[in-house]
Amino acid sequence: MDSFVFQNATKIIFGKDTEKLVGSELKKEGAKNILLIYGGGSIKKSGLFGRVEASLKENGIGFTELGGVVPNPRIGLVREGSKLCREKNIDFILAVGGGSVIDSAKAISFGACYDGDPWDFFSGKAEPGENRIPLATILTIPAAGSEASDSCVITNEELNIKTHFASPLMRPVFSIMNPELTFSLPPYQTACGCMDIMAHVMERYFTKTSHVELADRLCESVLKTVIHNLPIVLKEPENYDARAEIMWAGTIAHNDLIGMGRSHCWFNHALEHQISGYYDIPHGAGLAITFPAWMKHLSSKPECQRRLCQFATNVWGVEYNYDNPLDTIMQGIERLYSFEKACGLPVSLNEVSIGSEKFELMADNLTGGGKHPAWGFYPLEKSDIIEILKLASK
Ligand code: NZQ
Ligand code: ZN
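Residues numbered from 1 in each chain as written. Chains lettered and ligands numbered in written order. Predicted model: local features only at pLDDT ≥ 70, side-chain atom pairs only at ≥ 80, totals over all residues. Heavy atoms only, no water.

1. Concerning unusual backbone geometry
Even without being glycine, Asn72 reaches a positive phi, approximately 55°. Along the chain, Asn72 turns up in the loop between strand E3 (62–66) and helix H4 (75–87). The phi dihedral of Asp280 is positive, around 55°, even though this residue is not glycine. For Asp280, the location among the structural elements is in the loop between helix H10 (267–279) and helix H11 (283–298). (Helix = DSSP H or I, 4+ residues; strand = E, 2+ residues; numbered from the N terminus.)

Okay, here's the thing in structure tokens:
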């Protein structure tokens, strides 16, 4: 096990009706004049906006609204929000929504305290310092894990680049999580969210570090919890307990706990950010397509086989074939495919109308034009990445 520091300061307030506590929690933090940021309107349709507004008013907290965050959120709105915070002397940001809303809020929280263009943090031109406006969230979709993570992902619509920056100061001060708020999620969005949760675990699970038994078992538990509960909520969208299991799994998957003491991979996220950066598909859908193809590509590499076997046996319940470990691996990958299909997720690029025209470009972007491999669980050259994209097209 590698040495590590674990620190996650986000306070989680979990359970029924917890959104009604938002005003009093903000008051405890000294917030007086907040930016309330949300997406395309689901929070107004569901009545959540009204409850949040009432709680803010009850606690004497003024707010400025910024709606219109889109999935795969754009830098344009981050620029607008940063300016708005300065004009209105905003002292706290409340994000109500999913990963896209929370990530926009995180970028705005730093952008508002910076004289230049907020994109500078993403391009590496500026380092995020200590200056930022604190933020809190009310989560409405379990998926990105942004409610307790230290990073945000934004798309630059002019450059077609989707990328992230991170800072420990970006973690929300508190996140309110009421599983009832997720009852209104459409099945496809629910499944995409769960795929993202599973991907966050798998990026940590596929490690080169040995003797990480506890973290392995934590990872396997989170995966099995999602695999068990996703089919339940697809049939019964208002099953509170199953929604609650998924919601908590989404936070645990990405709040750092299960990834301590080990190397991570993140190749599939890097590849998926290329795909959704160019084609604007849901992040979870992209991950459903890349992961099995990536595993297939690695299945013949001796260095990867032990862990792929562990994934097949411990996560998917495949019986270990001592005479033919590759068969064990392929059965595990097959079960992942079948699960994704049964949950309504795409398993190939063709299904989301993506052709091969940008394969070369995406592989170049991930390997510095072919000069170095993409690092992770196994180093992948440009030709490997093109091969994975071809496998992902079948
Ligand atoms: O915009 P509204 O109207 O709210 O609708 C949203 C949106 O259309 C809808 N939705 C959310 N909650 C709902 C609901 N519809 C009905 N009922 C509800 N309760 O769902 C759609 C998707 O929302 P979005 O926020 O885009 O989803 P998600 O949470 O999956 O976030 C995806 C973004 O997070 C990034 C992804 O790359 C992507 O841009 N990620 C952020 C990470 C982080 N900050 O740590 C890590 C992740 O790996 C990921 O990359
Ligand atoms: Zn993700």
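Next comes the rest of the account.
2. As for the domain arrangement of the chain
For the chain, the domain assignment lists domain 1 (11–182) and domain 2 (187–391). Taking only C-alpha atoms, the centre of domain 1 and the centre of domain 2 are 27 Å apart. Counting each side, the surface lost to burial between domain 1 and domain 2 is near 2000 Å², with a carbon and sulfur contribution of 60%. At the boundary of domain 1 with domain 2, the tally comes to two salt bridges. Close ionic contact of Arg74 with Asp280 constitutes a salt bridge, the shortest N to O distance being 3.1 Å. There are nine residue pairs in polar contact (both at pLDDT 80 or more) connecting domain 1 and domain 2. Across the side of domain 1 that touches domain 2, the residue classes tally to twelve nonpolar, seven polar and six charged. (Domains from an automatic or database assignment. Buried area = accessible area lost by both parts, 1.4 Å probe. Salt bridge = Lys/Arg side-chain N within 4 Å of Asp/Glu carboxyl O. Polar contact = N/O pair within 3.5 Å; in protein donor to acceptor, adjacent residues only side chain to side chain. Nonpolar A, V, L, I, M, F, W, Y, C, P; charged D, E, K, R; others polar.)

3. Focus on the site of ligand 1
Taken together, 31 residues form the shell around ligand 1, and within it Gly40, Ser42, Gly99, Ser100 and His200 come nearest. Take Asp103: an N or O atom from its side chain is 2.7 Å from a nitrogen atom of ligand 1. His254 has a polar side-chain atom sitting 3.2 Å from an oxygen atom of ligand 1. Relative to its unbound accessible surface of 960 Å², ligand 1 loses 88% to contact with the protein. Residue composition of the shell around ligand 1, grouped by class: nine nonpolar, 19 polar and three charged. Residues from two domains meet in the shell around ligand 1; each of domain 1 (11–182) and domain 2 (187–391) gives at least three. (Near = heavy atom within 4 Å. Areas by Shrake-Rupley, 256 points an atom, 1.4 Å probe, with all protein chains shown as cover.)

4. Points about the pattern of salt bridges
Oppositely charged side chains are able to pair whenever their charged atoms sit close together. The full count for this structure, using the stated rule, is 18 salt bridges. The partner of Lys28 in a salt bridge is Glu25, and the shortest N-O contact between them spans 2.8 Å. Of this pair, Lys28 and Glu25 both sit in helix H1 (residues 22–28), three residues apart, which is roughly one turn of that helix. Note on Glu25: relative accessible area 7%, which makes it buried. Between Glu65 and Lys44 there is a salt bridge, with its nearest N and O atoms 3.2 Å apart. In this pair, Glu65 sits in strand E3 while Lys44 sits in helix H2 (residues 42–45), placing the two residues 21 residues apart along the sequence. If you follow the salt bridges from partner to partner, you end up with Asp150, Arg171, Arg204 and Asp256 in one network. (Buried < 20%, exposed > 50% of the residue type's maximum accessible area, 1.4 Å probe, protein only.)

5. With respect to H4
The end-to-end C-alpha distance of H4 is 18 Å, a good match for the 18 Å that 13 residues give at a rise of 1.5 Å each. Of all the positions in H4, only Ile75, Leu77, Val78, Gly81, Ser82, Leu84 and Cys85 are classed as buried. (Expected span 1.5 Å × (residues − 1).)

6. Examining the packing of helix H7 (residues 187–205) against helix H8 (residues 213–235)
The relative placement of two packed helices comes down to the angle between their axes together with the axis-to-axis distance. For the pair H7 and H8, the least separation of the axes is 10 Å and the interaxial angle reads 170°. The pairing of H7 with H8 is recorded here as roughly antiparallel in orientation. Residues Pro187, Thr190, Ala191, Cys194, Ile197, Met198, Val201, Met202 and Tyr205 of H7 touch H8, and the partners they reach there are Asp216, Cys219, Glu220, Val222, Leu223, Val226, Ile227, Leu230, Val233 and Leu234. Residues belonging to the contact of H7 with H8 are distributed by class as follows: 16 nonpolar, one polar and two charged. (Axes fitted to C-alpha atoms, helices over the stretch in contact; angles between N-to-C directions. Parallel < 35°, antiparallel > 145°, perpendicular 65-115°, else oblique. Contact = heavy atoms within 4.5 Å.)

7. Description of helix H12 (residues 302–315)
The first and last C-alpha atoms of H12 sit 20 Å apart over 14 residues, in line with the 20 Å expected at 1.5 Å per residue. Taken as a whole, H12 has its buried residues at Cys304, Arg307, Leu308, Cys309, Gln310, Phe311, Ala312 and Val315. Looking one or two places after H12, you find Gly317, whose phi comes out positive at around 70°.

8. Focus on the side chain of Thr190
In this structure, Thr190 sits in helix H7. Judged by relative accessible area, which is 5%, Thr190 ranks as buried. There is a polar contact of 3.3 Å between the side chain of Thr190 and the side chain of Arg243. If near-sequence neighbours (up to four positions away) are discounted, Thr190 is found in contact with Leu185, Leu230, Val233, Leu234 and Arg243.

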